[in-house]
Amino acid sequence: MGSKKIKSALISVFHKDNLDNIVKVLAANDVTIYSTGGTQKFIEDLDIAVTPVEELTDYPSIFSGRVKTLHPKIFGGILNRRDNTSDQEQKETHNIPDIDLVIVDLYPFEATVASGASEEEIIEKIDIGGISLIRGAAKNFNDVLIVSSMEQYEEVLGMLDSQECQTSLDQRRAFACKAFDISSHYDSAIFNYFNKEEDEPAFKQSIRNSQSLRYGENPHQSGSFFGNLDELFDQLNGKELSYNNLVDVDAAVALIREFEKETAFAIIKHTNACGVAKGKDVKEAYLKALSSDNVSAFGGILITNQTIDESAAEEINKLFCEVLIAPGFSNEALGLLKSKKNRIILKIKDLKPNPVQFKSLLNGVIVQDADLKTDQKEDLKVVTNEAPTEEQVEALLFASKVCKHTKSNTIVFANGDMMLSSGTGQTSRVDALNQAIEKASSFGMDLNGAVMASDAFFPFPDCVEIAHKAGIKAVIQPGGSIKDQLSIDYCDEVNMAMVMTGTRHFKH
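Residues numbered from 1 in each chain as written. Predicted model: local features only at pLDDT ≥ 70, side-chain atom pairs only at ≥ 80, totals over all residues. Heavy atoms only, no water.

**Focus: the overall build of the protein chain**
Okay, so step 1: Of regular secondary structure, the protein chain possesses 18 helices and 23 strands.
Okay, so step 2: Whereas a compact globule of 508 residues would reach a radius of gyration of roughly 23 Å, the protein chain reaches 31 Å, over 25% beyond that.
Okay, so step 3: Seen along its three principal axes, the alpha-carbon backbone of the protein chain occupies a region of about 95 × 55 × 40 Å.
Okay, so step 4: Taken over 508 residues, the protein chain has a buried fraction of 47%.
Okay, so step 5: For the protein chain, the share of sequence-separated contacts (at least 6 apart) that also reach a separation of at least 24 residues comes to 55%.
Okay, so step 6: On the protein chain, roughly 25,500 Å² of surface is accessible, and the fraction owed to carbon and sulfur atoms is 48%. (Helix = DSSP H or I, 4+ residues; strand = E, 2+ residues; numbered from the N terminus. Rg over C-alpha atoms; globule rule 2.2 N^0.38 Å. Buried < 20%, exposed > 50% of the residue type's maximum accessible area, 1.4 Å probe, protein only. Contact = heavy atoms within 4.5 Å. Areas by Shrake-Rupley, 256 points an atom, 1.4 Å probe, with all protein chains shown as cover.)

**What to know about the packing of aromatic side chains**
Centre-to-centre distance and the angle between the planes together describe a pair of aromatic rings.
Okay, so step 1: Counted under the stated rule, the structure contains 8 aromatic pairs.
Okay, so step 2: When the centroid spacing of 5.8 Å and the interplanar angle of 85° are considered together, the rings of phenylalanine 109 and tyrosine 193 count as edge-to-face. Taken together, the residues span a long stretch of sequence, with phenylalanine 109 in helix H6 (residues 109-114) and tyrosine 193 in helix H10 (residues 169-198) at a distance of 84 residues. Accessibility assignment for this pair places phenylalanine 109 and tyrosine 193 in one class, buried.
Okay, so step 3: Ring pairs connect the aromatic residues Phe109, Tyr186, Tyr193 and Phe194, which therefore count as one cluster.
Okay, so step 4: Above the face of the phenylalanine 175 ring, lysine 178 is positioned so that its terminal group lies 5.6 Å from the ring centre. (Phe/Tyr/Trp six-rings, centres within 6.5 Å; stacked < 30°, edge-to-face > 60°. Lys NZ or Arg CZ within 6 Å of the ring centre and 35° of its normal.)

**Section: the sheet that holds strand S12 (residues 272-278)**
Okay, so step 1: In spatial order, the strands read S10-S15-S14-S13-S11-S12; together these 6 strands make up an open sheet with mixed pairing. In this open sheet, the two edge strands, each paired with only one partner strand, are strand S10 (233-237) and S12. Adjacent strand axes in the sheet meet at a mean angle of 20°, parallel and antiparallel pairs treated alike.
Okay, so step 2: Pairing between strand S13 (residues 300-304) and strand S14 (residues 321-326): 4 bridges, direction parallel. Note that in S14 the partner of glycine 300 across the bridge is cysteine 321.
Okay, so step 3: Across the sheet, helix H11 (residues 243-256) lies against S10, strand S11 (264-269), S12, S13, S14 and strand S15 (344-348), angled at about 150° from S11, the strand it touches most. (Pairing = 2+ DSSP bridges. Axes fitted to C-alpha atoms, helices over the stretch in contact; angles between N-to-C directions.)

**Topic: H10**
Okay, so step 1: When the terminal C-alpha atoms of H10 are compared, their 42 Å separation across 30 residues agrees well with the 44 Å that a helix rising 1.5 Å per residue should span.
Okay, so step 2: Just downstream of H10, aspartate 199 is the residue with a positive phi angle, here 60°. (Expected span 1.5 Å × (residues − 1).)

**Thoughts on the sheet that holds strand S19 (residues 411-414)**
Okay, so step 1: The strand order S18-S23-S22-S21-S19-S20 describes an open sheet built from 6 strands, whose pairing is mixed. Each edge of the sheet is formed by a strand with only one pairing partner; in this case those strands are strand S18 (381-382) and strand S20 (419-423).
Okay, so step 2: Here S19 pairs with S20 via 4 bridges, running antiparallel. Pairing of isoleucine 411 across the sheet is with glycine 423, part of S20.
Okay, so step 3: Sheet strands touched by helix H18 (residues 484-493): strand S22 (474-477) and strand S23 (497-500). Its angle to S23, the strand with the most contacts, is close to 150°.

Right under this line is the structure:
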């Protein structure tokens, strides 16, 4: 039902790879071919008859090729409705031939932007004729087949060859859907380029790469990932990443990014760190991180910012983990770690952060700049009589990095090179603090002389009082409460050091 025989085709493409076989099939089925410029020459070089568009329109390509297919004889041939009497009468009156197949692609706008080209070059890569042909042919899918990307050539070739240039309505509609996907993505890319400076209040995101996931957060939920993971990782082993794996991998990468110039290791569970440490090598950092909570580490996401050698791999291999991430693996380490066939092993290729975050919420989307602020030594304002020592400052900054990537409300205890414990995602800061104290005790972590980080201010002095009684000697927090002085006064009474950063790090 709805079968149509292709008798004429318009072909005008930027990318010509693998186009030749399609052209040969069309010629073998006596299809009249119209074309322009470089595509016309490409077809002529195949010794296949082709009619220049200029002969059809009786109008030359003008303005350096900016206008060549924008003509009523082209768009009339595409858009006339074959079953509409009035359309057919007008077509005959104006001597407009049918065009049953349109093969066209778009100038590489996104690639030109990514190349760092000048604005003049970028603007010239905004396609006008191509996008119009795509939309026109897709709109009239009842009569016309639109091929809008070289990615579709293989599928189209098989279809035309096996069906002798016959197409069904379902096939034409499916290709129309692909065409509108491409055209809407293209327009979104152009808008977002201009909107970097104009700041129009509109949300437009388009990602065409996608993969289906086994399920969403739970088995009864469907899930998909939109993006190109191959740009970030090489997967060296294991099963496909799940929805929850991806959420945790994102959290792991964001945390390890904080430790650019140090050997660090982190263990993530449900987006929170259950162990983070620095060391002289990966093995030492891993063992320290594991010691913070070797129970939660089971089935977690492991990540380091250094190459994993055989010595580290021997220790890591003793633990069941879902995902292991590193920038490199020695041959011996990789051979050992791949002994667990389902263990996902990812080699990091790029740690560059995404500067914008968004998620669906209620009946819309919320958007924000990513929290890319890392507290530095120069950000610290000493607000107590007691100033932290150099060793304490190092520990405070370490704790702040971990705290920033932990669900609010959170408290993190640390020394200079490892997280001792944390309280995560609690409804009150006191609950988070007590959770961290209890956890440190259960894993034998000595808090005497340790430091504490909080993701937000203390509205009352109860937190610093409880922390002091647990052995904490220095505190880092953003400040900003109208009752900050109460916490400062308590610290002065017991000779605790406190610094404020002025930057809150809520994470919901």
